[in-house]
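Structure assessment
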Amino acid sequence: MNSVSMNTLTEAFRTPIFVKITAFTILFLSLFFLFDRFSSPYSSLLVFSSLPPLTRTTPSSSSSSSSSPSPPPLPPSTSSSYSYSPPPLPPPPPPLPTKASSPPPPPPKPPRVDLMIRMGIVDETGAMSLDFEIGEIDESLTEEELRGLSGGSEEKEKKKKDGGHRVKVDKYEVCEQSMSEYVPCLDNVDEIRRLNLGDSVEKYERHCPEEGKALDCLVPRPEGYLVKIPWPRSRDEVWLRNVPRTGLVGDKNSQKWISIKKDKYVFPGGGRAENHLNQISKMIPDIAFGQKTRVALDIDSGVADFGAFLMQRNVITLSIARKDVHENQIQFALERGVPAMLATFATRRLLYPSQAFDFIHCLGCGVSWTLDDGKLLLEANRMLRAGGYFVLAGEQVYKHDENLRKQWEEMEDLTTRICWKLVKKKGYIAIWQKPLNNSCYLNRDNGLQPPLCDSNDDPDNVWYVNLKACITPLPETGYGANVTTWPARLHYPPERLQSIEMDAYKSRKEIFKAESKYWNEIITGYVNAFRWKGFKLRNVMDMRAGYGGFAAALHDLQLDCWVMNVVPVDGFNTLPVIYDRGLLAVRHDWCQPFDSYPRTYDLLHANGLFSVEKRRQKCDISTIMLEMDRMLRPDGRVYIRDKVSVIDEVKEIASALGWVPALHETGEGPHSSWRMLLCDKQRKRRRKKKKAKSEIN
């Protein structure tokens, strides 16, 4: 019976079902063992440690009672256990718990490191300092600009979600041909009529179009316009077709300065200009053209011969005149490659700072200096540097008929009352010098007119400021009078740097030097990468000039050009600093047109301009770029450095203007929040025209 039962049991063990159950059970136990083994919090110590290889041993009761150190016990197993020989280092880990014991507490977390401990600023000794404050976010920053600070990643994601679509700008049409010489703020016929200005000098001042009537088309070029003649040939001849109005040539008094020869205007007045300059130098040797005297103002300059030939003596001269019966004398100057701007002495301050010019020149300029309590001469006094010279040349100096003699007597009286010294009078030339300090002003008789201006009057505030019948006092610090000689003054931080209203105070000179170094490196890259020396640049404008570092770099790299530095009204007024460096500059609001003829600049440079103007929300970017197109010559170039938040919009508008834009990364690389846009203005333009809104006489 037992033998039968045993046989039956043996046969049961041999059945396939039993074999499958047994195999499944063994597999389950193996998986359970592996899971239990490697889920231990110390499993990583076994797997990744550098301990000696494990050895298999037979369990023994004596092993647990030995007095020698033993390895930590492993989880129990039904078949065998593992042990290893302990190394001297590192020390053994704590014993592992058995299944019967409670779960061990988790290992202690590493101490928290405060990352702010490693933040700070480097002080003047080069050491890290924690003594600083984190400022608040500028509430005036737009959301787009904040995104731009992080490289514009959110903006890129938004474009991806929107399918990458951007707003397209329609192509701009060309204006009527009659607007080829259009200067918006000086050709506003409707506004001049509304104000009933008649023959008043005020009609020659700025009267810009109202909102909604601004230029919205492309100013055409004259029929048959030709690429400009390069400098220095342009000093002596320009194309007749490029300046089509010949009224100045018909004036007999101007024929000694300009004439027509075949298809060109020629300027035979070089000899006369040289003789005139030589005469001034002999009368006042201390004037030292190109050293002490670096920046000059030429009033009612004719065709700018005076400024053209002063350049040979390292003097940069701004020629100004109003847009009157001759209309295009400033256009001649700019076509020749001489610094010039439409401006006039009338009822408002000119757009230049106090103590801007080392030398002011009036050769038959026709300005009535003594009228209206002498306001016009007092404006010249404001702009003349302490110790600078004022030259008056004309009939009133040497002729003796009653009317001219009266003009001279009034001029002598007024100049004496404002403390100018008549240093020389010979032939048709009289030269005065402005005092170096306020001592003469303070020692005048009580009640003598004109008075000193109020202490709260800012002599550098020039944007739409009316003239005042008062004497602008000189700074007690001597600022403006103590500039060094050229060319050292170009890179020497001027003392008037300390008088600028800006955020920094102690570090101003360092910022000044850093800006110069920055632009020198940038322009060096432009010259090498984009072959600027082959462009034959002459008339250049920096639309947001700062301290004038861009212009200084062009001079240092010996590019034969001049720069009109523009200081926008919404930023720090750095005009005095730029003039103290020996450069030209003007105050302007880019939401209004600039006072220059069309097609007068070879290169326009805008650094950070559009992001600033977009934040102002005063005008559209397209308004500014239409004005840029008006001023830019055919074949001219535009270099724009700005934030990624605006650069795509700028590029779209550039294409709509007919420019050829090319987007580049800046030297900071692809993750920078800034981009560089290079644009070329094509010589040929679409013929489709848009009807002018009003007739331009």
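About the thresholds
- Residues numbered from 1 in each chain as written.
- Predicted model: local features only at pLDDT ≥ 70, side-chain atom pairs only at ≥ 80, totals over all residues.
- Heavy atoms only, no water.
- UniProt positions renumbered as here; feature names shortened; annotations may be inferred.
- Helix = DSSP H or I, 4+ residues; strand = E, 2+ residues; numbered from the N terminus.
- Buried < 20%, exposed > 50% of the residue type's maximum accessible area, 1.4 Å probe, protein only.
- Contact = heavy atoms within 4.5 Å.
- Areas by Shrake-Rupley, 256 points an atom, 1.4 Å probe, with all protein chains shown as cover.
- Phe/Tyr/Trp six-rings, centres within 6.5 Å; stacked < 30°, edge-to-face > 60°.
- Pairing = 2+ DSSP bridges.
- Axes fitted to C-alpha atoms, helices over the stretch in contact; angles between N-to-C directions.

By the naming in an unreviewed UniProt entry, the protein goes by Methyltransferase and is assigned to Juglans regia. In the Sequence similarities (unreviewed entry) part of its UniProt record, the protein is described as follows: "Belongs to the methyltransferase superfamily."

Within the protein one finds 21 helices and 21 strands. The burial tally for the protein puts 46% of its 697 residues in the buried class. Sequence separation of 24 or more characterises 69% of the internal contacts of the protein that already satisfy a separation of 6 or more. In the form shown here, the protein has an accessible surface area of approximately 37500 Å², with 54% of it arising from carbon and sulfur atoms.

Under the counting rule described, the total for this entry stands at 22 aromatic pairs. Judged by centre distance (5.4 Å) and plane angle (70°), the rings of Phe-357 and Tyr-579 are edge-to-face. With a gap of 222 residues between them, Phe-357 in strand S11 (residues 357–363) and Tyr-579 in helix H18 (residues 575–580) connect regions that are remote in the sequence. Both residues of the pair, Phe-357 and Tyr-579, belong to the buried class. Seen from their ring centres, Phe-512 and Tyr-547 are 5.9 Å apart, and the 55° between their planes marks the pair as tilted. Of this pair, Phe-512 sits in helix H16 (residues 508–530) while Tyr-547 sits in the loop between strand S15 (539–542) and helix H17 (549–556); the two residues are 35 residues apart in sequence, bridging distant segments of the chain. Every member of this aromatic cluster is reached through a ring pair, and the members are Phe-345, Trp-369, Phe-390, Trp-408, Trp-420 and Trp-432.

A few words on the sheet that holds strand S10 (residues 340–342). Taking strand neighbours across the sheet as the criterion, the seven strands line up as S10-S9-S8-S11-S12-S14-S13 in an open arrangement whose pairing is mixed. At either margin of the open sheet sits one strand with a lone partner, and together these are S10 and strand S13 (421–426). Strand after strand, the sheet turns through a mean of 20° between neighbouring axes, direction not considered. Where strand S8 (residues 295–299) meets S11, four bridges bridge the pair, whose relative direction is parallel. Paired with Ala-296 across the strands is Phe-359, a residue of S11. Packed on one face of the sheet, helix H9 (residues 270–283) meets S11, strand S12 (384–393), S13 and strand S14 (429–433) and runs near 50° to S14. Against the sheet, helix H12 (residues 371–383) contacts S8, S11 and S12, and its axis sits at roughly 135° relative to S12.

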